[in-house]
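Examining the three-dimensional arrangement
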2 protein chains.
Amino acid sequence: MSRSNPRVLSTLERAGGFASAQEVYRLMQREGESIGLTTVYRSLQSLVNDKIVDVLRRDDGEAIYRLCGDAHHHHLVCKNCGDTVEIEGGAIEKWAKVMAEEHGFREVGHTAEIFGLCSKC
Amino acid sequence: MSRSNPRVLSTLERAGGFASAQEVYRLMQREGESIGLTTVYRSLQSLVNDKIVDVLRRDDGEAIYRLCGDAHHHHLVCKNCGDTVEIEGGAIEKWAKVMAEEHGFREVGHTAEIFGLCSKC
DNA sequence: ATGGAAATGAAAATCATTTTCATTTGTGAT
DNA sequence: ATCACAAATGAAAATGATTTTCATTTCCAT
Ligand SMILES: [Zn+2]
Ligand SMILES: [Zn+2]
Ligand SMILES: [Zn+2]
Ligand SMILES: [Zn+2]
(Lines give C-alpha, C1' and ligand atoms only; values in the text may rest on other atoms or scores of the structure.)
(Ligands and ions follow the chains in the order given, each with its own letter.)
Protein backbone atom coordinates (compact mmCIF):
# COMPACT_ATOMS: atom_id res chain seq x y z
CA MET A 1 0.00 0.00 0.00
CA SER A 2 1.79 3.11 -1.16
CA ARG A 3 0.78 6.54 -0.03
CA SER A 4 -0.34 9.08 -2.62
CA ASN A 5 2.11 11.63 -3.87
CA PRO A 6 0.51 14.98 -2.93
CA ARG A 7 1.52 16.62 -6.20
CA VAL A 8 -0.73 14.19 -8.05
CA LEU A 9 -3.80 15.24 -6.10
CA SER A 10 -2.93 18.90 -6.50
CA THR A 11 -2.56 18.41 -10.25
CA LEU A 12 -5.88 16.60 -10.48
CA GLU A 13 -7.47 19.55 -8.69
CA ARG A 14 -5.86 22.00 -11.06
CA ALA A 15 -7.08 19.93 -14.01
CA GLY A 16 -10.63 20.82 -13.02
CA GLY A 17 -11.10 17.64 -11.08
CA PHE A 18 -11.44 15.42 -14.14
CA ALA A 19 -8.59 13.62 -15.84
CA SER A 20 -7.11 10.29 -16.78
CA ALA A 21 -3.83 9.05 -15.36
CA GLN A 22 -2.12 9.79 -18.66
CA GLU A 23 -3.49 13.32 -18.67
CA VAL A 24 -2.37 14.01 -15.13
CA TYR A 25 1.06 12.72 -16.09
CA ARG A 26 1.32 14.84 -19.23
CA LEU A 27 0.11 17.89 -17.31
CA MET A 28 2.80 17.45 -14.69
CA GLN A 29 5.44 16.99 -17.37
CA ARG A 30 4.37 20.14 -19.18
CA GLU A 31 4.68 22.05 -15.93
CA GLY A 32 8.19 20.76 -15.44
CA GLU A 33 7.42 18.48 -12.50
CA SER A 34 9.60 15.43 -12.31
CA ILE A 35 7.49 12.35 -11.73
CA GLY A 36 7.13 8.88 -13.21
CA LEU A 37 4.01 7.56 -14.85
CA THR A 38 4.05 4.61 -12.48
CA THR A 39 3.85 6.91 -9.50
CA VAL A 40 0.91 8.75 -11.02
CA TYR A 41 -0.95 5.46 -11.42
CA ARG A 42 -0.08 4.35 -7.92
CA SER A 43 -1.10 7.65 -6.38
CA LEU A 44 -4.43 7.70 -8.15
CA GLN A 45 -5.15 4.14 -7.09
CA SER A 46 -4.34 5.03 -3.54
CA LEU A 47 -6.64 8.05 -3.68
CA VAL A 48 -9.40 5.81 -4.96
CA ASN A 49 -8.82 3.35 -2.11
CA ASP A 50 -9.05 6.20 0.35
CA LYS A 51 -12.24 7.37 -1.39
CA ILE A 52 -10.77 10.78 -2.02
CA VAL A 53 -11.32 10.45 -5.73
CA ASP A 54 -13.83 8.61 -7.84
CA VAL A 55 -13.00 6.57 -10.88
CA LEU A 56 -15.23 6.22 -13.92
CA ARG A 57 -14.69 5.00 -17.46
CA ARG A 58 -14.69 6.94 -20.68
CA ASP A 59 -16.49 5.39 -23.63
CA ASP A 60 -13.16 4.14 -24.93
CA GLY A 61 -12.51 2.40 -21.62
CA GLU A 62 -9.87 4.75 -20.28
CA ALA A 63 -10.22 5.33 -16.54
CA ILE A 64 -10.84 8.90 -15.48
CA TYR A 65 -10.46 10.26 -11.97
CA ARG A 66 -12.22 13.09 -10.28
CA LEU A 67 -12.32 14.73 -6.91
CA CYS A 68 -15.29 13.57 -5.01
CA GLY A 69 -17.08 14.87 -1.98
CA ASP A 70 -17.26 12.27 0.76
CA ALA A 71 -21.05 12.16 1.01
CA HIS A 72 -22.49 9.09 -0.69
CA HIS A 73 -23.85 9.94 -4.12
CA HIS A 74 -24.23 8.67 -7.66
CA HIS A 75 -23.44 9.94 -11.13
CA LEU A 76 -25.18 10.93 -14.30
CA VAL A 77 -22.61 10.78 -17.08
CA CYS A 78 -22.74 11.92 -20.69
CA LYS A 79 -21.42 9.07 -22.80
CA ASN A 80 -20.35 11.47 -25.49
CA CYS A 81 -18.57 14.36 -23.78
CA GLY A 82 -18.02 12.85 -20.35
CA ASP A 83 -19.80 15.64 -18.51
CA THR A 84 -20.86 14.41 -15.10
CA VAL A 85 -23.56 15.46 -12.67
CA GLU A 86 -23.55 14.27 -9.09
CA ILE A 87 -26.99 13.13 -8.06
CA GLU A 88 -28.74 11.79 -4.99
CA GLY A 89 -29.52 8.12 -4.79
CA GLY A 90 -33.03 8.78 -3.56
CA ALA A 91 -35.22 5.71 -3.72
CA ILE A 92 -32.45 3.33 -4.64
CA GLU A 93 -30.84 3.59 -1.23
CA LYS A 94 -33.87 1.89 0.25
CA TRP A 95 -34.16 -0.46 -2.73
CA ALA A 96 -30.64 -1.75 -2.14
CA LYS A 97 -31.31 -2.32 1.53
CA VAL A 98 -34.63 -4.09 0.96
CA MET A 99 -33.29 -6.34 -1.79
CA ALA A 100 -30.32 -7.31 0.33
CA GLU A 101 -32.46 -8.16 3.35
CA GLU A 102 -34.89 -10.10 1.24
CA HIS A 103 -32.07 -12.40 0.16
CA GLY A 104 -30.26 -12.56 3.46
CA PHE A 105 -27.27 -10.45 2.47
CA ARG A 106 -25.31 -8.48 5.08
CA GLU A 107 -22.79 -5.66 4.95
CA VAL A 108 -24.08 -4.49 1.62
CA GLY A 109 -22.92 -1.66 -0.56
CA HIS A 110 -24.08 -0.70 -4.00
CA THR A 111 -23.15 1.07 -7.20
CA ALA A 112 -25.54 2.83 -9.52
CA GLU A 113 -24.79 5.03 -12.47
CA ILE A 114 -26.87 6.57 -15.20
CA PHE A 115 -25.40 7.29 -18.60
CA GLY A 116 -26.84 8.97 -21.66
CA LEU A 117 -26.48 12.04 -23.85
CA CYS A 118 -26.44 15.42 -22.17
CA SER A 119 -28.42 18.36 -23.50
CA LYS A 120 -25.38 19.79 -25.30
CA CYS A 121 -24.59 16.60 -27.17
CA MET B 1 -19.28 -0.93 -42.33
CA SER B 2 -19.32 -4.68 -42.16
CA ARG B 3 -22.40 -6.71 -41.50
CA SER B 4 -22.56 -8.84 -38.38
CA ASN B 5 -21.74 -12.50 -38.61
CA PRO B 6 -24.95 -14.22 -37.40
CA ARG B 7 -23.03 -16.86 -35.46
CA VAL B 8 -21.67 -14.14 -33.20
CA LEU B 9 -25.13 -13.00 -32.22
CA SER B 10 -26.28 -16.55 -31.67
CA THR B 11 -23.28 -17.21 -29.45
CA LEU B 12 -23.92 -14.08 -27.44
CA GLU B 13 -27.47 -15.29 -26.91
CA ARG B 14 -26.26 -18.67 -25.77
CA ALA B 15 -23.80 -17.03 -23.38
CA GLY B 16 -26.73 -15.78 -21.32
CA GLY B 17 -26.73 -12.35 -22.89
CA PHE B 18 -23.67 -10.95 -21.16
CA ALA B 19 -20.15 -11.45 -22.48
CA SER B 20 -17.00 -9.74 -23.66
CA ALA B 21 -15.65 -10.07 -27.19
CA GLN B 22 -12.89 -12.33 -25.95
CA GLU B 23 -15.41 -14.54 -24.18
CA VAL B 24 -17.60 -14.85 -27.24
CA TYR B 25 -14.52 -15.76 -29.24
CA ARG B 26 -13.34 -18.40 -26.77
CA LEU B 27 -16.84 -19.84 -26.56
CA MET B 28 -17.00 -20.22 -30.31
CA GLN B 29 -13.58 -21.83 -30.41
CA ARG B 30 -14.52 -24.30 -27.72
CA GLU B 31 -17.58 -25.27 -29.72
CA GLY B 32 -15.43 -25.90 -32.75
CA GLU B 33 -16.65 -22.92 -34.77
CA SER B 34 -14.09 -21.46 -37.10
CA ILE B 35 -13.98 -17.68 -36.75
CA GLY B 36 -11.37 -14.98 -36.28
CA LEU B 37 -11.18 -12.69 -33.29
CA THR B 38 -11.26 -9.71 -35.63
CA THR B 39 -14.58 -10.80 -37.01
CA VAL B 40 -16.00 -11.18 -33.53
CA TYR B 41 -15.00 -7.61 -32.71
CA ARG B 42 -16.37 -6.29 -35.98
CA SER B 43 -19.63 -8.14 -35.58
CA LEU B 44 -20.20 -6.92 -32.05
CA GLN B 45 -19.45 -3.35 -33.08
CA SER B 46 -21.90 -3.65 -35.90
CA LEU B 47 -24.56 -5.02 -33.55
CA VAL B 48 -23.97 -2.07 -31.25
CA ASN B 49 -24.34 0.37 -34.15
CA ASP B 50 -27.61 -1.29 -35.08
CA LYS B 51 -28.69 -1.09 -31.41
CA ILE B 52 -29.24 -4.80 -31.28
CA VAL B 53 -26.84 -5.13 -28.40
CA ASP B 54 -25.81 -2.87 -25.53
CA VAL B 55 -22.24 -2.32 -24.49
CA LEU B 56 -21.09 -1.62 -20.93
CA ARG B 57 -17.73 -1.75 -19.20
CA ARG B 58 -16.56 -4.10 -16.54
CA ASP B 59 -14.72 -2.62 -13.60
CA ASP B 60 -11.45 -3.57 -15.25
CA GLY B 61 -12.44 -1.66 -18.37
CA GLU B 62 -13.22 -4.61 -20.60
CA ALA B 63 -16.25 -4.04 -22.81
CA ILE B 64 -19.15 -6.41 -22.30
CA TYR B 65 -22.06 -6.88 -24.65
CA ARG B 66 -25.58 -8.01 -24.02
CA LEU B 67 -28.73 -8.45 -26.00
CA CYS B 68 -30.92 -5.41 -25.64
CA GLY B 69 -34.12 -7.41 -25.72
CA ASP B 70 -33.06 -9.44 -22.74
CA ALA B 71 -35.25 -8.82 -19.75
CA HIS B 72 -33.57 -6.00 -17.92
CA HIS B 73 -32.43 -6.90 -14.44
CA HIS B 74 -29.77 -6.25 -11.84
CA HIS B 75 -27.51 -8.31 -9.64
CA LEU B 76 -26.96 -8.99 -6.00
CA VAL B 77 -23.45 -10.37 -5.65
CA CYS B 78 -21.69 -11.97 -2.69
CA LYS B 79 -18.29 -10.35 -2.41
CA ASN B 80 -16.92 -13.44 -0.69
CA CYS B 81 -18.10 -16.44 -2.70
CA GLY B 82 -19.30 -14.68 -5.84
CA ASP B 83 -22.80 -16.12 -5.66
CA THR B 84 -25.16 -13.99 -7.71
CA VAL B 85 -28.89 -13.42 -7.52
CA GLU B 86 -30.79 -11.75 -10.31
CA ILE B 87 -33.13 -9.11 -8.98
CA GLU B 88 -35.68 -6.67 -10.29
CA GLY B 89 -34.71 -3.03 -10.60
CA GLY B 90 -37.91 -1.83 -8.97
CA ALA B 91 -37.57 1.75 -7.85
CA ILE B 92 -34.31 2.22 -9.72
CA GLU B 93 -35.95 2.19 -13.10
CA LYS B 94 -38.06 5.21 -12.34
CA TRP B 95 -35.25 6.90 -10.47
CA ALA B 96 -32.98 6.70 -13.50
CA LYS B 97 -35.62 8.09 -15.80
CA VAL B 98 -36.54 10.96 -13.48
CA MET B 99 -32.95 11.93 -12.80
CA ALA B 100 -32.10 11.89 -16.49
CA GLU B 101 -35.09 14.06 -17.41
CA GLU B 102 -34.37 16.46 -14.62
CA HIS B 103 -30.94 17.12 -16.10
CA GLY B 104 -31.89 17.03 -19.75
CA PHE B 105 -30.23 13.72 -20.61
CA ARG B 106 -31.50 11.56 -23.47
CA GLU B 107 -31.02 7.94 -24.51
CA VAL B 108 -30.16 6.92 -21.00
CA GLY B 109 -29.21 3.56 -19.65
CA HIS B 110 -28.05 2.65 -16.20
CA THR B 111 -26.10 0.18 -14.16
CA ALA B 112 -26.82 -0.80 -10.60
CA GLU B 113 -25.39 -3.56 -8.53
CA ILE B 114 -25.60 -4.54 -4.90
CA PHE B 115 -22.78 -6.39 -3.22
CA GLY B 116 -22.43 -7.82 0.26
CA LEU B 117 -22.09 -11.09 2.15
CA CYS B 118 -24.58 -13.83 1.40
CA SER B 119 -26.26 -15.86 4.15
CA LYS B 120 -23.76 -18.72 3.74
CA CYS B 121 -20.72 -16.52 4.12
C1' DA C 1 -17.11 -17.14 -66.44
C1' DT C 2 -15.46 -12.23 -65.01
C1' DG C 3 -14.86 -8.25 -62.24
C1' DG C 4 -15.56 -5.77 -58.39
C1' DA C 5 -17.32 -5.30 -53.71
C1' DA C 6 -17.76 -7.16 -49.16
C1' DA C 7 -16.12 -10.28 -45.62
C1' DT C 8 -12.53 -12.65 -43.38
C1' DG C 9 -8.59 -13.47 -40.38
C1' DA C 10 -3.54 -13.66 -39.33
C1' DA C 11 -0.27 -10.77 -37.91
C1' DA C 12 1.36 -6.34 -36.50
C1' DA C 13 0.41 -2.03 -34.25
C1' DT C 14 -1.63 0.71 -30.47
C1' DC C 15 -2.31 2.06 -26.07
C1' DA C 16 -3.66 2.04 -21.23
C1' DT C 17 -2.36 -0.29 -17.29
C1' DT C 18 0.42 -3.46 -14.42
C1' DT C 19 4.54 -5.77 -13.01
C1' DT C 20 9.41 -6.12 -12.10
C1' DC C 21 13.27 -4.78 -10.07
C1' DA C 22 17.13 -1.91 -9.14
C1' DT C 23 17.89 2.54 -7.10
C1' DT C 24 16.88 6.40 -4.14
C1' DT C 25 14.93 8.44 -0.17
C1' DG C 26 13.22 8.72 4.50
C1' DT C 27 13.30 7.27 9.39
C1' DG C 28 14.75 5.69 13.64
C1' DA C 29 18.10 3.59 16.53
C1' DT C 30 22.87 3.66 18.07
C1' DA D 1 27.04 11.19 12.01
C1' DT D 2 26.49 6.26 10.80
C1' DC D 3 24.15 2.16 9.93
C1' DA D 4 20.02 -0.62 8.87
C1' DC D 5 15.83 -1.26 7.09
C1' DA D 6 11.37 -0.01 5.12
C1' DA D 7 8.87 2.73 1.85
C1' DA D 8 8.74 5.30 -2.42
C1' DT D 9 10.18 5.93 -7.01
C1' DG D 10 10.59 5.25 -11.97
C1' DA D 11 12.58 3.05 -16.18
C1' DA D 12 11.82 -0.68 -18.74
C1' DA D 13 9.45 -4.86 -19.83
C1' DA D 14 5.18 -7.41 -19.76
C1' DT D 15 0.24 -7.76 -20.28
C1' DG D 16 -4.02 -7.66 -22.47
C1' DA D 17 -7.84 -5.69 -24.93
C1' DT D 18 -8.82 -3.49 -29.06
C1' DT D 19 -7.71 -1.65 -33.70
C1' DT D 20 -5.37 -1.51 -38.02
C1' DT D 21 -3.28 -3.51 -42.11
C1' DC D 22 -3.40 -6.08 -45.84
C1' DA D 23 -3.53 -10.19 -48.52
C1' DT D 24 -6.86 -13.71 -49.46
C1' DT D 25 -11.41 -15.67 -49.97
C1' DT D 26 -16.31 -15.48 -50.69
C1' DC D 27 -20.43 -13.34 -52.93
C1' DC D 28 -23.08 -11.47 -56.39
C1' DA D 29 -24.50 -9.22 -60.47
C1' DT D 30 -23.54 -9.07 -65.21
ZN1 LIG E 1 -22.42 15.53 -23.50
ZN1 LIG F 1 -26.51 4.99 -3.17
ZN1 LIG G 1 -21.25 -15.84 -0.21
ZN1 LIG H 1 -32.54 -1.23 -14.17
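One numbering rule holds for all chains: residues counted from 1, following each sequence as written. Here every chain gets a letter starting at A, and every ligand a number starting at 1, in the order they are written. Two thresholds apply to this predicted model, a pLDDT of at least 70 for residue-level local features and 80 or more for giving and counting side-chain atom pairs, whereas whole-chain, interface and lining totals are computed over all residues. Hydrogens and water are ignored here; the side-chain numbers use all heavy atoms of the structure.

Helical segments are the DSSP runs of H or I of at least four residues, strand segments are the runs of E of at least two, and each set is numbered from the N terminus. Looking only at helices and strands, chain A features four helices and six strands. Secondary structure elements of chain A, listed N to C terminal, follow the sequence α-β-α-α-β-β-β-β-α-β. Dimensions of chain A, computed from C-alpha atoms along their principal axes, come out at roughly 55 × 40 × 25 Å. Buried, partly exposed and exposed residues are distinguished by accessible area as a fraction of the type maximum, computed with a 1.4 Å probe on protein chains only: under 20%, between the cut-offs, and over 50%, respectively. A burial count over chain A gives 42% of its 121 residues as buried. Any pair of residues with heavy atoms lying within 4.5 Å of one another is described as a contacting pair. Taking the contacts inside chain A whose residues are at least 6 apart along the sequence as the reference set, 46% of them involve residues at least 24 apart. Accessible surface computed for chain A: about 6,800 Å², of which carbon and sulfur atoms make up 49%. In short, Shrake-Rupley with a 1.4 Å probe defines the accessible areas, and a residue's cover is counted only from the protein chains shown.

Moving on to the side chain of H73 of chain A. Residues and elements named next belong to chain A. Structurally, the position occupied by H73 is in the loop between β3 (63-67) and β4 (74-78). A distance of 3.2 Å separates the side chain of H73 from the side chain of H75, its partner in a polar contact. N or O atoms within 3.5 Å of each other form a polar contact, as long as, within protein, one can give a hydrogen and the other can take it, and as long as residues adjacent in sequence are counted only when both atoms are side-chain atoms. Separated by 3.4 Å, the side chains of H73 and E86 make a polar contact. With near-sequence residues (within four places) excluded, H73 lies in contact with D54, C68, E86 and I87.

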